[in-house]
Amino acid sequence: MERGRWNAAPDLIYEARLVVAGGDQVACRLVFDCVPVGEFLGFRPDGARLRFAEHVFYRYEDGRIAAVRSMIDRAAVAEQLSGRDVSALR
């Protein structure tokens with residue numbers, strides 16, 4: 001995540017729940033946990049803890065990351081901010 005997101009959620013931690021590698025590619029399912037203090041993923045914080053997933057795909061060339069593709073579960077963040085339960089991440 002870019003620097004602005006870290007500033008908005010300085011306590012952000014993540015856990016790799018699934019890592020799959022093959023050839024020059026690595027795929028990960030990461031589950032994040034944080035209490036945002038500033039605008040985060042386009043949402044205004046409400047002081048509550050958020051948990052959401054990201055699926056990220058890395059392609060390597062010459063031992064270095066050459067490309068990154070990422071999908072963040074923004075719907076889970078929106079649901080939590082609107083008071084709905086997102087128990088699938090637990």
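Residues numbered from 1 in each chain as written. Predicted model: local features only at pLDDT ≥ 70, side-chain atom pairs only at ≥ 80, totals over all residues. Heavy atoms only, no water.

## What to know about unusual backbone geometry
Filter applied, for reference: Strands here are runs of E lasting at least two residues and helices are runs of H or I lasting at least four, both read from the DSSP assignment and numbered beginning at the N terminus. The classification of residues rests on relative accessible area computed with a 1.4 Å probe and restricted to protein chains. Under 20% of the type maximum is buried, over 50% is exposed, and intermediate values are partly exposed.
You will see that L41, though not glycine, has its phi angle at about 55°, which is positive. Positionally, L41 belongs in the loop between β2 (25–34) and β3 (50–61). The class of L41 is buried, set by a relative accessible area of 8%. One non-glycine residue, D62, lies in the positive phi region at around 55°. Mapped onto the secondary structure, D62 falls in the loop between β3 and β4 (64–72).

## Remarks on the sheet that holds strand β1 (residues 13–22)
Quick note on the threshold: Here the rule is simple: two strands pair whenever DSSP picks up at least two bridges between them. For helices, the fitted axis covers only the stretch in contact; all axes are lines through C-alpha atoms, and the angles between them, taken along N-to-C directions, range from 0 to 180 degrees. Any pair of residues with heavy atoms lying within 4.5 Å of one another is described as a contacting pair.
In space, the 4 strands of this open sheet follow the order β1-β2-β3-β4, with antiparallel pairing throughout. Sheet topology places β1 and β4 at the edges, where each strand pairs with a single neighbour. In this sheet, neighbouring strand axes are inclined to one another by 20° on average, regardless of whether the strands run parallel or antiparallel. With 8 bridges joining them, β3 and β4 adopt antiparallel strand pairing. Bridge pairing in β4 links R59 to A67. In this fold helix α2 (residues 74–81) packs onto β3 and β4, with an angle of close to 165° to the strand it touches most, β3.

## Some thoughts on the pattern of salt bridges
Keep this limit in mind: Every case where a carboxyl oxygen of Asp or Glu lies within 4 Å of a side-chain nitrogen of Lys or Arg is listed as a salt bridge.
Across all of its chains, the model carries 5 salt bridges by this definition. Salt-bridge contacts for R17 lead to E15; the nearest nitrogen and oxygen are separated by 3.4 Å. With a relative accessible area of 36%, R17 lands in the partly exposed category. In this structure, the salt-bridge partner of R49 is D33, at a minimum N-O distance of 2.3 Å.

## Some remarks on the environment of G63
Relative to the assigned elements, G63 resides in the loop between β3 and β4. The class of G63 is exposed, set by a relative accessible area of 71%. Distance from G63 to D24, taken between C-alpha atoms, is 9.0 Å for residues 39 residues apart in sequence.

## Here we look at the nonpolar core
Cut-off, in case you're wondering: The term nonpolar core refers to a set of buried residues drawn from Ala, Val, Leu, Ile, Met, Phe, Trp, Tyr and Cys, joined through side-chain atoms within 4.5 Å.
Counting residues in each nonpolar core, the largest one holds 16 residues, and the members touching the most others are L12, C34, F40, L41, F52 and V77. The set of elements that each furnish at least two residues to this core consists of β2, β3 and α2. At 5 residues, β2 tops the list of elements feeding residues into this core.

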